[in-house]
Structure formats: structure tokens, C-alpha cells
Amino acid sequence: MKISKIEVQKRNKKRSSVYIDGEFKFGLDNEIILKYGLEEGSEIGEDQIKNILLAEEKQKIKQRAYRLLRYRGRSIAEMNERLQRLGYEPEIVREVVNELVGEGILDDQKFVRDFVSDYTNLKPKGNYFILSELKKKGIAEEKIKEVINSRDEKRLINELLRTKFKDLNVKNPKDKAKIIRRLISRGFTPGVVYEVLAE
């Protein structure tokens, strides 16, 4: 088989149409054409076509992964699940995700640190909330505990008492009950909540 023509697509200049033996066969990203050294007049075999189309599919999945990461960080399990839900082949998705891990683009430890930082500094939440949310995102409990064990929930609760709940009086039983409900609904450890309020 011979590549008879490679033509840049009118609608998308980053892609080209590849013709083999005078017939249109497939469209490819120009990077893939360069990477595989495809040229008009060169011979091409079935195995080479399979490898090229696999590389094209992987690139498509990778670009989709980058778009997803522009919205927010994701755990490895989340990315795997999301890409498969979009209809990509599970085996190819796993390969792409492993490449992204190898390149340091997906990193569960960094993801956990950033998540904990957000819910410590921007929107303070308790350890129960963080543990529960990160487990839903497929992060192992030990990894989460490594990070949340260094958090000072007492300090966060005291800050909330000074800012968000400053209009409530801890000595008033109704207000105290309201504070407890709000703190527990924010995922703070009940034992720590009661300890701080007792102090």
C-alpha cells in the first residue's frame, strides 16, 4: 500500500486527510504525521496503520484529559472513570492515564495536598468531610490520613467561632446547639467540636 496524498483539512489546519492507493483512509493530527514520518509516495503496511491509529486515539484522549484538568484537578481514579464514561476504550484510557502519571500531570499526593489546602484556607471544612470526599474520588485512606493528621481542627473551629459564628453565643444553649450542628455539618470531628466548645 502506498500513501498517495496527505492533504491539510480545510476545517482544521492541525489535521490532515491521508489517502492510500488513491482513496481517503483516515484523518490524522499533523503531529502524528510528523512523528511517524508519513510522506506522499511512501509505502505503509497494516501494522503501521494500526500503530498510527492507536497513537492518534491516545492523543485524542490525552487532549480531552488536559481539557478536563483545565476546569479542576482530578485524582487518577476520577480521570480513569471520566474518560471511560466519555466512551473511550478502557485499555487505551488506562495507558493514557499511566502516561499522565509518569509525566507528573496526574499525581494523587499533590491532588490530596491541594484539596486539603483549599478546605483549610479557602472554605474551612473538617477532617470527616475531607476523608469522605477524597475516598469518593478513589484516594486510598492512608494517603488522605497522612495529610489530614497534620491539620489543626481546633484552630479552624476557633477561627470559625470568631468569624462565621461571631453572632452566636456559646454560653446560650440554643446558640451552642446551632454551632455544634453547623460544625458537624461541615465535617468537623465531633470530639474536637465538643472539646473546643467546652474550653
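One can find the structure itself at the top, above this paragraph.
Residues numbered from 1 in each chain as written. Predicted model: local features only at pLDDT ≥ 70, side-chain atom pairs only at ≥ 80, totals over all residues. Heavy atoms only, no water.

Undergrad: Help me understand the packing of helix α2 (residues 46-71) against helix α4 (residues 90-102) in this model?
TA: Between two packed helices, the angle of one axis relative to the other and the distance separating the axes together describe the packing. Closest axis-to-axis distance for the α2/α4 pair is 10 Å, and the angle between their directions is 60°. Relative to α4, the element α2 lies oblique. Our pair here, α2 against α4, has a crossing hand that is right-handed. Between α2, through Leu54, Glu57, Lys58, Ile61, Lys62, Ala65 and Tyr66, and α4, the contact on the second element is made entirely by Ile92, Val93, Glu95, Val96, Glu99 and Leu100. For the contact of α2 with α4, the per-class residue count stands at eight nonpolar, no polar and five charged. (Axes fitted to C-alpha atoms, helices over the stretch in contact; angles between N-to-C directions. Helix = DSSP H or I, 4+ residues; strand = E, 2+ residues; numbered from the N terminus. Parallel < 35°, antiparallel > 145°, perpendicular 65-115°, else oblique. Left-handed = near helix turned anticlockwise from the far one by under 90°. Contact = heavy atoms within 4.5 Å. Nonpolar A, V, L, I, M, F, W, Y, C, P; charged D, E, K, R; others polar.)

Undergrad: So what exactly am I meant to see when it comes to the nonpolar core here?
TA: A general trend in soluble globular proteins is that nonpolar side chains are found buried together. Core analysis: the biggest nonpolar cluster contains 14 residues, and Ile157, Leu161, Phe165, Ile179, Leu183, Phe188 and Val193 have the highest contact counts within it. Of all the secondary-structure elements, those providing two or more residues to this core are α8 (153-162), α9 (173-185) and α10 (190-198). Other than its neighbours up to four places away in sequence, Leu161 contacts Lys166, Val170, Ile179, Val196 and Leu197. With 13 residues, the next largest nonpolar core counts Phe111, Val116, Tyr119 and Ile139 among its residues. (Core = buried A, V, L, I, M, F, W, Y, C linked by side-chain atoms within 4.5 Å. Buried < 20%, exposed > 50% of the residue type's maximum accessible area, 1.4 Å probe, protein only.)

Undergrad: Explain the pattern of salt bridges to me, please; I cannot follow it from the model alone.
TA: Where side chains of opposite charge bring their charged atoms close, a pairing between them can arise. Considering all chains together, one arrives at 15 salt bridges under this definition. Here Arg15 ties to Glu56 by a salt bridge, and the two come within 2.6 Å at their closest N and O atoms. On the criterion of sequence distance, the pair formed by Arg15 in strand β2 (residues 15-20) and Glu56 in helix α2 is long-range, its members being 41 residues apart. Residue classification places Glu56 among the buried positions, given a relative accessible area of 5%. Close ionic contact of Arg72 with Glu78 constitutes a salt bridge, the shortest N to O distance being 2.7 Å. According to the relative accessible area criterion, Arg72 is partly exposed, its value standing at 36%. One continuous salt-bridge network, built from bridges that share partners, spans Lys58, Lys62, Glu95, Glu99 and Glu103. (Salt bridge = Lys/Arg side-chain N within 4 Å of Asp/Glu carboxyl O.)

Undergrad: What should I look at first to understand the layout of surface pockets in this one?
TA: The gaps left among the atoms become clear once a water-sized probe is rolled over them. Within this model, the largest pocket holds a volume of roughly 370 Å³. For the largest pocket, the lining is made up of 17 residues, of which Arg72, Gly73, Arg74, Phe111 and Asp114 are closest to its centre. Tallying contributions element by element places helix α5 (residues 108-122) first for the lining of the largest pocket, with six residues. Considered class by class, the residues forming the lining of the largest pocket number six nonpolar, two polar and nine charged. By volume, the second largest pocket is sized at about 160 Å³. In this structure, the second largest pocket is lined by Glu31, Ile32, Lys35, Ala55, Lys58, Gln59, Lys62 and Glu99. Those elements that provide at least two residues to the lining of the second largest pocket are α1 (30-35) and α2. Here the lining of the second largest pocket gets four residues from one element, more than from any other, and that element is α2. (1 Å grid on protein atoms, 1.4 Å probe; cavity = no way out; pocket = protein on both sides within 12 Å on 5 of 7 lines; lining within 4 Å. Points joined across faces, edges and corners; volume = space filled by probe spheres on them.)

Undergrad: Before we go on, may I ask you to explain the packing of aromatic side chains in this structure?
TA: In this description, a pair of aromatic rings is defined by centroid distance and the angle of the planes. Here the structure, examined in full by the defined rule, presents four aromatic pairs. Ring geometry for Phe111 versus Phe115: centroids 6.3 Å apart, planes at 35°, classification tilted. You can see Phe111 and its partner Phe115 sitting in helix α5, four residues apart, about one turn around the helix. The pair formed by Phe111 and Phe115 is uniform in burial state, with each residue classed as buried. Through a chain of ring-to-ring contacts, the aromatic side chains of Phe111, Phe115, Tyr119 and Phe129 assemble into a single cluster. (Phe/Tyr/Trp six-rings, centres within 6.5 Å; stacked < 30°, edge-to-face > 60°.)

Geometry only, nothing functional implied.
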